[in-house]
Amino acid sequence: MRARVVRSWSGVAAVGKHVDYVTHLERDVVPSLQRLQGFCGMRVLRQMVDGRHHFRVLTLWESLDSIRAFAGDAIERAVVPEAARAALSSFDRRVEHFDIVMCAEPIRGESQRELLDWASNAACDYLGAIDLSPIFPSQSALDGLRAFEEAVPEASEDPLAVLNLLDTVGSPATVACTGGRYFGFVVGGALPVTVAASWLATAWDQNAAFEVLSPVVTRLERVCEGWLIDLLGLPSGSAVGFVSGTSEANIAALAAARNHILKRAGWSVATQGLRGSPALRVVVGKEAHAAVGSALRIVGIGEEACERVATDDQGRMDPEALPRLDDRTIVILQAGHVDSGAFDPLRVVCERAREAGAWVHVEGAFGLWAACSPRHRDLVDGHDRADSWAVDAHKYLNVPYDSGFVICRDRAALLSAFRADAPYLHLSPSRDGSALTPTMSRRARVVEVWAAIKSLGRSGVADLVDRTCLLARHIAAGLRAAGFDVLNDVVLNQVLIGTDSNERTARVARYLQSEGTCWCSTTAWRGRTAIRISVISWATSREDADRTIQAFVAAASATRCGPHHEG
């Protein structure tokens, strides 16, 4: 929309009431105006005269008809709510309207700085209040999202007004997953340095596809490739592709495995496709993450090719139930069960697979980061004997969404799956990031990865893993002492909580989710409804852990369904 009419009105605040008036405008007036079709913005001016606050309110509108939707047919009559009347000692009973005949914008550089400064201030205000906000948005905030539902704007709008709408309506309806008490869905927070790095990378607006498009991104990817292989204890020379997350990493790794195995059998996927190709086998645990099944379908390996291996009471693959392996087999292991945090027996299975010539892929979205911690490294014993790995950065490394890695021992296998060639691409003789991933045009997510590892260092990454695992055990111990059931062996950062009935557990979970102190998701575990606590954010403190324990106890009491309460 383009503003064509200015509506002008003035009032004088009563002594000591000017703050009340501004608060009324921010809390009541602005949100109601923003929901009106044809409203284009608002400017509030203030002048001190003889110690009194004189206000001039200018609202911008697309037309007089849009003003009538706000003020009624008598558009010259002022609309003054009771809250404004209480704060003002005098005010105009009528308003004036002016046609806008000319607008002059600042030069592009100044306008861009104004927008970026505004967004920076709004973001800082948002993050500064995150610990005081409910973890999940209120119903009124969710209802406010209706302000976004409109037809395609016919004309340009004031960029600041656009940002203000996004912040005013959008920010209250966000989930506070960057705070210290969000424990749902294994979602990490974003380290402050990575948020700042993301802002800078966005300003750079680099395409990470080829070196010729962004030498700095290519160099950072090369550096971080070496850092990640070192930190995760993986074979030297492995290739790292920077992808959106483990879902995409699984697809990339399984495509590389498929091509490599079929090439060894004398079949080229690149030239011959999959129709008529030799059959492949996939061996996977019965409790593999759902993303694994999705990835297998995408790379053309159907359910009939999968052999599901039995698991133990923690979700670990039972090595005694492993079928015979051969050189047409892809074995998929799990480093960090999404519910229990448990790890498949990596060394045992990898050694059997290596003897048979099978390919081993490790899905380690969050659990693979245990390799960075001397205290938890034993959990991934033998992981370096696999052939490919998938891991998230937006989980344990705590960078902004979205960010993950596909890592492949055989660089040529990964290149064969995705490398494209054409005269217009200007490929680099050293490294082009798109050749290692399913996508060409990519955002420069490596900038945030570099900032996280550079700022934390080896000891900081290890401490991030250790602290969250320690807090998970602290929460588990506190809830067990309070009478709740801890349903899993807390080996990493995942805690499963139950009560004496599924219905009661569900009621406690619903209470917690609506009360706002913390937010946890639910899952089904061994026939029981469980509350899943995923401690994975740098922002989670001991105080957050204690408040979470207290919130569970309060939820049990408030719902009259404590862990062992009858009636």
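Look up: the structure comes first, before these words.
Residues numbered from 1 in each chain as written. Predicted model: local features only at pLDDT ≥ 70, side-chain atom pairs only at ≥ 80, totals over all residues. Heavy atoms only, no water.

S.K.: Explanation requested: the pairing of strand 16 (residues 528–534) in the structure shown.
M.R.: For a regular strand, the rule is simple: side chains alternate between the two faces of the sheet. Strand 16 sits mainly inside the fold: five of its seven residues count as buried. Looking at chain direction, strand 14 (residues 494–498) and strand 16 are connected through four bridges and run antiparallel. Its bridge partner lying in strand 16, L496 is registered against R532. Two strands pair when backbone bridges link them, and strand 15 (residues 521–525) and strand 16 are joined in this way by five bridges, in the antiparallel orientation. Residue pairing in the sheet places W525 in a bridge with R528 of strand 16. The hairpin turn running from strand 15 into strand 16, its antiparallel successor, is two residues long, and R526 in that turn takes a positive phi close to 55 degrees. (Buried < 20%, exposed > 50% of the residue type's maximum accessible area, 1.4 Å probe, protein only. Helix = DSSP H or I, 4+ residues; strand = E, 2+ residues; numbered from the N terminus. Pairing = 2+ DSSP bridges.)

S.K.: Please explain the sheet that holds strand 14 as it appears in this structure.
M.R.: Adjacent strands of a sheet pair through backbone hydrogen bonds, lying either parallel or antiparallel. A sheet is described by the order of its strands in space; here four strands give the open sequence 13-14-16-15, paired in antiparallel fashion. Since the sheet does not close on itself, it has two edges, and those belong to strand 13 (485–486) and strand 15, each with one partner. Relative to strand 16, helix 15 (residues 502–515) is tilted by about 35 degrees, and along the sheet it contacts strand 14, strand 15 and strand 16. (Contact = heavy atoms within 4.5 Å. Axes fitted to C-alpha atoms, helices over the stretch in contact; angles between N-to-C directions.)

S.K.: So what exactly am I meant to see when it comes to unusual backbone geometry here?
M.R.: Most peptide bonds are trans, and most residues other than glycine sit at a negative phi. Backbone torsion omega between Y401 and D402 reads -5 degrees, so that peptide bond is classified as cis. As for its position among the elements, D402 is in the loop between strand 11 (388–392) and strand 12 (404–408). The phi torsion at F185 lies on the positive side, around 60 degrees, for a residue other than glycine. Position of F185 relative to the elements: it lies in the loop between helix 6 (159–170) and helix 7 (192–204). For F185, a relative accessible area of 48% puts it in the partly exposed group.

S.K.: I'm lost on the environment of D387 in this one. Help?
M.R.: Along the chain, the position of D387 falls in the loop between strand 10 (359–363) and strand 11. In this structure D387 comes out as buried when scored by relative accessible area, which is 16%. Here the alpha-carbon distance between D387 and I330, two residues 57 residues apart in the chain, equals 9.9 Å. If sequence neighbours within four positions are ignored, D387 has contacts with A358, W359, V360, I407, C408 and R409.

S.K.: So what exactly am I meant to see when it comes to empty space enclosed by the protein here?
M.R.: It is the rolling of a water-molecule-sized probe over the atoms that shows where space remains empty. Per the stated rule, a full pass over the model turns up one cavity of 30 Å³ or more. Roughly 40 Å³ of internal volume is contained in the largest cavity. Around the largest cavity sit G285, E287, A288, T311, G315, M317, I332, L333, Q334 and D344, which together line it. With three residues, strand 9 (residues 329–334) is the single largest residue contributor to the lining of the largest cavity. A per-class count over the lining of the largest cavity returns four nonpolar, four polar and two charged. (1 Å grid on protein atoms, 1.4 Å probe; cavity = no way out; pocket = protein on both sides within 12 Å on 5 of 7 lines; lining within 4 Å. Points joined across faces, edges and corners; volume = space filled by probe spheres on them. Nonpolar A, V, L, I, M, F, W, Y, C, P; charged D, E, K, R; others polar.)

S.K.: Just checking my understanding: could you explain the packing of aromatic side chains for this structure?
M.R.: Under the defined criterion, the tally for this structure stands at ten aromatic pairs. Measuring from centroid to centroid gives 5.7 Å for F484 and F552, while their planes differ by 90 degrees, and the two rings are edge-to-face. Of this pair, F484 sits in the loop between helix 14 (446–481) and strand 13 while F552 sits in helix 16 (residues 542–558), and the two are 68 residues apart along the sequence. For F484, a relative accessible area of 3% translates into the label buried. On the accessibility criterion, F552 (0% relative accessible area) is buried. In this structure an aromatic cluster arises from ring pairing among F136, Y182, F185 and W519. A cation over a ring is seen here: R526 above W525, with NZ or CZ 4.0 Å from the ring centre. (Phe/Tyr/Trp six-rings, centres within 6.5 Å; stacked < 30°, edge-to-face > 60°. Lys NZ or Arg CZ within 6 Å of the ring centre and 35° of its normal.)

S.K.: Help me understand helix 12 (residues 346–356) in this model?
M.R.: Those residues of helix 12 that sit buried are L346, V349, C350 and A353. For helix 12, the buried positions fall inside an angular range of 100 degrees around the axis, keeping them on one side. Here the buried face of helix 12 lies against strand 9 and strand 10. Following helix 12 by one or two positions, G357 has its phi on the positive side, about 80 degrees. (Arc of directions from axis to C-beta.)

S.K.: I'm lost on helix 13 (residues 411–418) in this one. Help?
M.R.: A413, L414 and F418 are the residues of helix 13 that are buried. Down the axis of helix 13, the buried set is contained in an arc of 115 degrees. They therefore lie on one face. Those residues of helix 13 that are buried are in contact with strand 6 (239–243), helix 9 (246–264), strand 10 and strand 12. The N-cap residue of helix 13 is D410: its side-chain oxygen and the backbone nitrogen of A412 are 3.0 Å apart. (Polar contact = N/O pair within 3.5 Å; in protein donor to acceptor, adjacent residues only side chain to side chain.)

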